[in-house]
Amino acid sequence: MHRRHTTLREKGRRQAIRGPAYMFNEKGTSLTAEEERFLDSAEYGNIPVVRKMLEESKTLNFNCVDYMGQNALQLAVGNEHLEVTELLLKKENLARVGDALLLAISKGYVRIVEAILNHPAFAQGQRLTLSPLEQELRDDDFYAYDEDGTRFSHDITPIILAAHCQEYEIVHILLLKGARIERPHDYFCKCNECIEKQRKDSFSHSRSRMNAYKGLASAAYLSLSSEDPVLTALELSNELARLANIETEFKNDYRKLSMQCKDFVVGVLDLCRDTEEVEAILNGDVNIHLYSEHHRPSLSRIKLAIKYEVKKFVAHPNCQQQLLTMWYENLSGLRQQSIAVKFLAVFGVSIGLPFLAIAYWIAPCSKLGRTLRSPFMKFVAHAVSFTIFLGLLVVNASDRFEGVKNLPNETITDHPKQIFRVKTTQFSWTELLIMKWVLARNKWLPSDPQIISEGLYAIAVVLSFSRIAYILPANESFGPLQISLGRTVKDIFKFMVIFIMVFLAFMIGMFNLYSYYLGAKYNPAFTTVEESFKTLFWSIFGLSEVISVVLKYDHKFIENIGYVLYGVYNVTMVVVLLNMLIAMINNSYQEIEEDADVEWKFARAKLWLSYFDEGRTLPAPFNLVPSPKSFYYLILRIKMCLIKLCKSKAKNCENDVEMGMLNSKQRKIMKRLIKRYVLKAQVDRENDEVNEGKWIFVTHTWNERELKEIKQDISSLRYELLEEKSQATGELAKLIQQLSDKFGKTLNKDI
């Protein structure tokens, strides 16, 4: 009796809570007492009652829904009642199986997911490849299509949801069942399907693309769906970064997903334990340069990472260790030497560079030739050659350090008649014309080729010295400064857009104001476009005077307008825009400084890779003369082409066997790394759940799921015991009734 009152009180409380929710249902729900009891039993895991009602009741609608539009299957799955779920799945024509699967995936109930996937509806696997929106055309109740029937978007498939939730085990199960995430079409795709979706609902189309990319970029899907997850993640990160610039409304989301792919690649690289595993990641296919003469790794993944600017991957210690080993190839002893010893080696190369070049030209395959082919020696040789070139530029101008004393129409020091002292024969007409042209420099046209060549030569000298920045990343101290300088130049180009707009506005305005006063001002400022440009430009640096706006005439209105415009210009340019530029430069420098080590190692890796490729051993000008090695390589290449034409079939068969063996080795290594990554991800997830501090006991920390399972087991045991008790009570009552009947008959006979 007491239990009955408790049950009624619980139902009354539940109905009181449900009451206001009916306002959100247009149709409302009218449940019978039997259906109410059935839903309560499914929600609380009352296995005996659910089993009894499913087996004995003829009027029960097991697809009935509660006030929230959830049927018994969804309630059982949501509360992780595996036994009740299995009982319901045995019924035919069960509705909303797809919703139950999505709910189980979102909560991470692996055993319930396996039980639902064993349902006959998933026998052929077609249900897993279609979204709820696509399955709506089947005209069944596999998913709920009313507004409050499902908590997931209609474009979410089970595999996408599992990937979003980072459920590795569920993703693996779905992949084995044949589920895949289809990559969205290109943003500019003009196929009929994309055009129709864009026309029907552009927002839903964009959200469906975003949900698909979230699934593709998840670590669970990347690690379990691809044979080469590193390559897939690198390419996907670049695609997402490109979409961030195209779909600006979702820029932050795409950038976050791109960074997620990059972090996945770095995480896999971090789990390498030996050189073989590092090479498998950095080189991609271990057989990519199988027939290379020098057997130098291809580093295809590093080149791809540099192209896509995956800086943390390139700057990772494992990657840098491999690059450093290749940098000192054939110079292993020099790597451990002090800076002084390395400096002496560089100095020795500087002194003996011509002799080393000749020796390499004669014997490129000798020990000395192999040493010169190492990336470090190639870098030193090119740096020394470039330094000598800069020195020659300085020497070329050394005779004019103290200035040139001849007049503009003279090219020979002291007097132009000195040219006749070196001439013993009669001058020809051509020589006389050349002499007249040379000696009369002040008569040259502004577009004279000699004048233009001198101007271009001056620019070339500046650019030649600025090219020193190319080798600065090799040094840890100067590398970050060079990177900051490059970022500053980019900021200046961005700033120039606003600067030019403001500058042109004031330049044209001031010119229009003073163009009619040429000769009527104390200086020619603003009277022409050229003078207006000069005055405004140099006023930024404080080299213009206020008198530039003063007139000789008594036109005070024009003068006052000039004062105001000139003052506003100086405030805008000097106070606002220049300080904005300084703030932008400071912000860029801070960004570089905060991550200076990664930025420097990334820039250094780009410099190193330029010397890893075969060739370019000798610097200029020694590389102008073809070496015997060049002719040897040419002949060898022709020979290989002929052999390939004659024996292509046989060689292809042998190559296929060898390539297959190496590909198998590559897959084995990658599988080992991915297994470590998945295990680490699961351990980290468990640690995160433990560290949340949900429940802490004396020596054991229980997470919420374990407590919930224990609670459900206790609840199921309680209902089973109550069922057994009720059955035993019924049998005892029958036995007492039988005994009382027999006892009554016996008394009647005695009477």
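The structure displayed is predicted, hence computed values, not measured ones.

1. Overview of the overall build of the chain
Part 1: The number of helices and strands found in the chain is 33 helices and zero strands.
Part 2: Every one of the 751 residues in the chain was classed for burial, and the buried ones make up 37%.
Part 3: Sequence separation of 24 or more characterises 69% of the internal contacts of the chain that already satisfy a separation of 6 or more.
Part 4: A total of about 45,800 Å² of accessible surface is found on the chain, and carbon and sulfur atoms cover 60% of it.

2. Digging into the packing of helix 7 (residues 110-117) against helix 11 (residues 168-176)
Packed helices, taken two at a time, are described by the angle their axes make and the gap between the axes.
Part 1: Across the interface, helix 7 lies against helix 11 with an axial gap of 10 Å and an inter-helix angle of 15°. Between helix 7 and helix 11, the angle falls in the class roughly parallel. With respect to the hand of their crossing, helix 7 and helix 11 are arranged in right-handed fashion. Of the residues in helix 11, those touching helix 7 at V110, V113, E114 and L117 are E169, I170, I173 and L174.
Part 2: Partitioning the contact of helix 7 with helix 11 into residue classes produces six nonpolar, no polar and two charged.

3. Some points on the confidence of the model for the chain
Part 1: Of the residues in the chain, 76% reach a pLDDT of 70 or more, and the chain-wide mean stands at 79.
Part 2: Note that pLDDT drops below 50 for residues 286-293; the model gives that stretch 16 contacts with residues more than four away or on any other chain.
Part 3: In the predicted structure, residues 693-702 sits below a pLDDT of 50 and forms 10 contacts with residues beyond four places in sequence or in another chain.

4. A closer look at a nonpolar patch on the surface
Part 1: Together, V497, I498, M501, V571, V574, V575, V576 and M580 line one region of the surface with nonpolar side chains, adding up to about 670 Å² of accessible area.
Part 2: Here the element with the most residues in the nonpolar patch is helix 29 (residues 556-594); it accounts for five residues.
Part 3: In this fold, M501 is placed in helix 27 (residues 478-514).
Part 4: For M501, a relative accessible area of 57% translates into the label exposed.

5. Comments concerning the side chain of S588
Part 1: In this fold, S588 is placed in helix 29.
Part 2: For S588, a relative accessible area of 6% translates into the label buried.

6. Description of the environment of C365
Part 1: Note that C365 resides in the loop between helix 22 (339-362) and helix 23 (367-372).
Part 2: When its relative accessible area of 53% is taken as the criterion, C365 is described as exposed.
Part 3: A C-alpha to C-alpha distance of 8.8 Å links C365 and K629, two positions 264 residues apart in sequence.
Part 4: Ignoring anything within four residues of it in the chain, the contact list for C365 reads R370 and R373.

7. Let's talk about helix 29
Part 1: Its 39 residues place the ends of helix 29 55 Å apart at the C-alpha level, agreeing with the 57 Å of an ideal helix rising 1.5 Å per residue.
Part 2: Roughly 25° is the biggest bend found in helix 29, and it falls at L577.
Part 3: Those residues of helix 29 that are buried are in contact with helix 27, helix 28 (529-539) and helix 30 (596-612).

8. Some remarks on the packing of helix 15 (residues 229-246) against helix 18 (residues 300-307)
Part 1: Contact geometry of helix 15 with helix 18 gives a least axis separation of 10 Å together with a crossing angle of 15°. In terms of axis orientation, helix 15 runs roughly parallel to helix 18. For the pair helix 15 and helix 18, the crossing hand works out as left-handed. Residues V230, L231 and L234 of helix 15 form the contact with helix 18, whose participating residues are R301, L304 and A305.

9. Regarding the packing of aromatic side chains
Part 1: Throughout the structure, instances matching the rule amount to 22 aromatic pairs.
Part 2: Its end group placed over the ring of F386, R467 keeps NZ or CZ at 5.3 Å from the ring centre.
Part 3: Its guanidinium or amino end placed over the ring of Y514, K521 lies 5.2 Å from that ring's centre, counting from NZ or CZ.

10. Description of the environment of M259
Part 1: Of note, M259 is situated in helix 16 (residues 251-270).
Part 2: Residue M259 is classed as partly exposed on the basis of its relative accessible area of 39%.
Part 3: In this structure the C-alpha to C-alpha distance between M259 and A217, which are 42 residues apart in sequence, comes to 9.5 Å.

11. Points about unusual backbone geometry
Part 1: The amide bond that connects A620 to the next residue, P621, takes the cis arrangement and shows omega of 5°.
Part 2: Note that P621 resides in the loop between helix 30 and helix 31 (628-646).
Part 3: Backbone geometry at Q166 places phi at a positive 55°, although glycine is not the residue there.
Part 4: Within the secondary structure, Q166 sits in the loop between helix 10 (158-164) and helix 11.

12. Some points on helix 2 (residues 33-44)
Part 1: For helix 2, with 12 residues, the first-to-last C-alpha span of 16 Å sits near the 16 Å given by 1.5 Å per residue.
Part 2: Looking at helix 2, one finds that the buried residues are E35, E36, F38, L39, D40, S41, A42 and E43.
Part 3: In the segment just after helix 2, G45 is the residue with positive phi, at about 75°.

13. Details of the pattern of salt bridges
Part 1: Applying the stated criterion across every chain, the model contains 17 salt bridges.
Part 2: With its nearest N and O atoms 3.4 Å apart, the salt bridge here joins D613 to K303. Pair noted here: D613 is in the loop between helix 30 and helix 31 and K303 is in helix 18, with a separation of 310 residues, a long-range link.
Part 3: The class of D613 is partly exposed, set by a relative accessible area of 41%.
Part 4: A salt bridge links R487 to E591, with the nearest nitrogen and oxygen atoms 3.4 Å apart. Of this pair, R487 sits in helix 27 while E591 sits in helix 29, placing them 104 residues apart in sequence.
Part 5: Three or more residues are tied together by salt bridges with common partners; here these are K311, R487, E591 and E599.

14. A closer look at the nonpolar core
Part 1: Counting residues in each nonpolar core, the largest one holds 127 residues, and the members touching the most others are F38, I116 and F313.
Part 2: The leading source of residues in this core is helix 16, at eight residues.
Part 3: Aside from chain neighbours lying at most four places away, what touches F38 is V50, M53, L54, L60, F62, C64, A72 and L88.
Part 4: Counting residues in each nonpolar core, the second largest holds 23 residues, with Y514, F526, L536 and V549 among its members.

The rules behind the values
Residues numbered from 1 in each chain as written. Predicted model: local features only at pLDDT ≥ 70, side-chain atom pairs only at ≥ 80, totals over all residues. Heavy atoms only, no water. Helix = DSSP H or I, 4+ residues; strand = E, 2+ residues; numbered from the N terminus. Buried < 20%, exposed > 50% of the residue type's maximum accessible area, 1.4 Å probe, protein only. Contact = heavy atoms within 4.5 Å. Areas by Shrake-Rupley, 256 points an atom, 1.4 Å probe, with all protein chains shown as cover. Axes fitted to C-alpha atoms, helices over the stretch in contact; angles between N-to-C directions. Parallel < 35°, antiparallel > 145°, perpendicular 65-115°, else oblique. Left-handed = near helix turned anticlockwise from the far one by under 90°. Nonpolar A, V, L, I, M, F, W, Y, C, P; charged D, E, K, R; others polar. pLDDT = per-residue confidence, 0-100. Patch = residues over 30% accessible without salt bridge, like charges linked within 9 Å, V, L, I, M, F, W, Y side chains within 5 Å. Salt bridge = Lys/Arg side-chain N within 4 Å of Asp/Glu carboxyl O. Expected span 1.5 Å × (residues − 1). Bend = angle between axes of the 7 residues up to and from the residue. Phe/Tyr/Trp six-rings, centres within 6.5 Å; stacked < 30°, edge-to-face > 60°. Lys NZ or Arg CZ within 6 Å of the ring centre and 35° of its normal. Core = buried A, V, L, I, M, F, W, Y, C linked by side-chain atoms within 4.5 Å.

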